[in-house]
Every structure is written in C-alpha cells, then in structure tokens.
Amino acid sequence: MPRILLTNDDGIYSNGIRAALRALSELGEVYVVAPLFQRSASGRAMTLHRPLRAKLIDVPGAKVAYGIDGTPTDCVIFAIARFGKFDLAVSGINLGENLSTEITVSGTASAAIEAATHDIPSLAVSLEVDWKKTLGEGEGINFSISAHFLRRIAGAILEKGLMSGVDMLNVNVPSDATPETEIAITKLARKRYNPTVEERIDPRGHPYYWVVGRQTAKFEPGTDAYALKVERKVSVTPIDIDMTAGIDFGSVMEILN
C-alpha cells in the first residue's frame, strides 16, 4: 500500500488537512506531520537554533499524526527522518490560493518543494477562499470539491508518476468549482501581490509596521493566476525545483567579462 505524507502550513487542526486526509486515505496509508500552529508565509524556513518539539495528535484516519512546533519544511524533514521514504507527499488543502512565483513564500508550496528535494513526488493543493478566512481553521468552508481534485490528481501521480522534468505540481481550486470544472495546465504568473509596509502608531506613540500586499489586477493568459481568477479553472502548474535559467551560459559570461 502506498505511503503518503500529508502536511500543511495552516496547522494540524485545520479543517483543510482533515479533508485532505479523508480523500487520501482511499489511496494509501497517510502519515500526518504538520505544524502545531499557523505558519503561513514561512517559505522554506527551517528551525536551526532551537530544538523541535513533537506532539502525537489523535487524527482519525491517519496511520500516525504529529504536530511540530516548527515550520512546514521542518515537518517534512521530521517525517522522512522518522518514517523513511514516502511514495507521495501532499501539502494542503490550504486556506487561500498560492499563485505565481510567490509560491516560494508559501509554506504550503515550500513543504512540497522540500519533499521533492528528497525525490518524493509532491503535490501542493490550495483552495480559493475569502482572505478574511485564510488564517482560521476553515470553519464553514466546503472542502469537498478541492478534496475531489486532490484525490483525482494524487491517484494519477501514484499510478503513473510525474512526467520527466517535473518535481511537484502546484494546484489551485476556485471557490466556485464543481467536479466538472476544467483543469488548466499553467505556468506561474510573474507576481500576485505588490508588497509594501504600512506605518502605524501604538498607544505609547511609537511607530510599528505591517507588511501588506496589494493584489495585481491583470494577469497574462496561460498563467496560474489567469486560469484561477479569470477563467475560473483548476490551475495545475508543473514545477521543476532546479531554478537554473535555461539559457546559453556563454552569453552570461559575455556580460560578466
């Protein structure tokens, strides 16, 4: 029976990871290792300057479940060290979409990237939700359609593997999707947010700062953001974790000389 690692960045108590577990339990033995707390936008950060704490959690349907007081990347590293190799790694179902080259900021996508570096076929799945609900546990959110696509895509990977040159798939499901919603194979948009810093004043008169992001309004056809936001399709983006530019190295040397 296939061994599947399931993680996320919303935390082990998120309804999204529970929905993913129910979908994946039909495909194999699911090991859940996820952060104890919300770790969105943690990217591929690792905890190196203090010990990690791990807590066994009762998660019905899981072969075993651990909550880790670290990052999603920590969770993947812990799981592989503890349980060995997996046939598939899944990160999600995330509360809120993860689009564009900014997936490197996403803890959800970065967990899948980390698993891919260990030669484990990987899949990150995110569901478009109202931004006000992205930092909760998914109360009142219907994950059934995103779980449907997760099971469909995960099953295909377990049966056929990923194509040559692809290390992971980044999947985004529209909030209004149905089982009949079309899948679009996409590339990453250049940018989803334009971050800036807002200065505010605390009650003692001292300034403090919030990093905020204003959403990009226009997207290039063929990108993940265009498929999700304009065409209302399920975006599936094949990712190669080798970020080396595919150009003639000699032309780069000419610029440097």
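Scroll up to find the structure this text is about.
The sections below set out a description of the structure shown in this document. The shown structure was predicted, so the numbers you read here are calculated from the model rather than taken from an experiment. (Residues numbered from 1 in each chain as written. Predicted model: local features only at pLDDT ≥ 70, side-chain atom pairs only at ≥ 80, totals over all residues. Heavy atoms only, no water.)

## Overview of the nonpolar core
Of all hydrophobic cores here, the largest spans 41 residues; its most connected members are L6, L24, V32, I93, L123, L150 and V171. Put simply, the parts of the chain that give this core at least two residues each are β1 (3–7), α1 (15–24), β2 (29–35), β5 (88–95), β6 (122–127), α4 (144–160), β7 (168–173) and β11 (234–239). The contacts of V171, once residues within four sequence positions are left out, are L123, A124, V125, S126, I153, V234, S235 and V236. (Core = buried A, V, L, I, M, F, W, Y, C linked by side-chain atoms within 4.5 Å. Buried < 20%, exposed > 50% of the residue type's maximum accessible area, 1.4 Å probe, protein only. Helix = DSSP H or I, 4+ residues; strand = E, 2+ residues; numbered from the N terminus. Contact = heavy atoms within 4.5 Å.)

## Some details on the packing of α1 against α4
Running from N to C, α1 and α4 cross one another at 45°; their axes reach a closest spacing of 9 Å. As the angle between them shows, α1 and α4 are arranged oblique. Crossing hand, α1 versus α4: right-handed. Where α1 abuts α4, its residues A19, A20, A23 and L24 lie against A147, L150, R151 and A154. Taken together, the residues of the contact of α1 with α4 sort by class into 7 nonpolar, no polar and 1 charged. (Axes fitted to C-alpha atoms, helices over the stretch in contact; angles between N-to-C directions. Parallel < 35°, antiparallel > 145°, perpendicular 65-115°, else oblique. Left-handed = near helix turned anticlockwise from the far one by under 90°. Nonpolar A, V, L, I, M, F, W, Y, C, P; charged D, E, K, R; others polar.)

## With respect to the sheet that holds β5
Here 9 strands make up an open sheet; going across it, the order is β3-β4-β2-β1-β5-β6-β7-β11-β8 and the pairing mixed. Bordering the open sheet on either side are β3 (54–56) and β8 (183–185), each of which pairs with just one other strand. Adjacent strand axes in the sheet meet at a mean angle of 20° when their direction is disregarded. Lying over the sheet, helix α2 (residues 72–83) contacts β1, β2, β3 and β4 (64–68), oriented at roughly 140° with respect to β2. Lying over the sheet, helix α3 (residues 107–117) contacts β1, β5, β6 and β7, oriented at roughly 170° with respect to β6. (Pairing = 2+ DSSP bridges.)

## Description of α2
The end-to-end C-alpha separation of α2 is 16 Å, in line with the 16 Å expected for 12 residues at 1.5 Å each. Regarding α2, the residues found buried are P72, T73, D74, C75, V76, F78, A79 and I80. Once α2 ends, the next one or two residues include G84, with phi positive near 85°. (Expected span 1.5 Å × (residues − 1).)

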